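In case you want the letters, here they are:
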Amino acid sequence: MAQYITYLRLSRDSKNGKNYGLEAQRRDLDIFLGQCCPDASGCEEIASYKEVQSGKDDDRPQLAAAMAHCK
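Counting starts from 1 at the beginning of each chain's written sequence and moves along it residue by residue. Only residues with pLDDT of at least 70 are given local features in this predicted model, and only at 80 or more are side-chain atom pairs given and counted; all residues enter the totals for whole chains, interfaces and linings. Values shown for side chains rest on all heavy atoms present in the structure; no hydrogens or waters enter the calculation.

Colleague: Explanation requested: the confidence of the model for the protein in the structure shown.
Modeller: In low-pLDDT segments, the atomic positions of the prediction should not be examined closely. The predictor reports its confidence for every residue as pLDDT, a score running from 0 up to 100. Summarising the model, the protein shows a mean pLDDT of 83, and 82% of its residues fall at 70 or more. For the purposes of this entry, the term helix denotes a DSSP run of H or I that reaches at least four residues, the term strand denotes a run of E that reaches at least two, and both are numbered from the N terminus. Helix α2 (residues 61-70) holds the highest mean pLDDT among the elements of the protein, 95, whereas helix α1 (residues 20-36) holds the lowest, 86.

Okay, structure coming up:
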């Protein structure tokens, strides 16, 4: 079974508490992965990491965690 880890990121949080950008990224990932692995029993998402930070901040702890998890 193929396993994968996802990473979603926005440069800042929305003003109204909703983050449609993250929802759109998740939707697009699901579409892409559905095409790559149409048999649901053949793929497994083992982790998903999300980050919402200022673009000025180069520190990406969730990206580092996702990469460490992949290793």
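Here the narrative resumes.
Colleague: Would you mind showing me how to read the pattern of salt bridges here?
Modeller: Side-chain pairs of opposite charge can arise whenever the charged atoms involved come near each other. One speaks of a salt bridge when a side-chain nitrogen belonging to Lys or Arg is within 4 Å of a carboxyl oxygen belonging to Asp or Glu. Under the definition given, this model contains three salt bridges. Residue R26 is joined to D30 by a salt bridge in which the shortest nitrogen-to-oxygen separation is 2.8 Å. With a gap of four residues between them, R26 and D30 both fall in helix α1, about one helical turn apart. R27 serves as the salt-bridge partner of D28, at 3.1 Å between the closest nitrogen and oxygen. Put simply, R26, D30 and E45 are held in one network by salt bridges that share partners.

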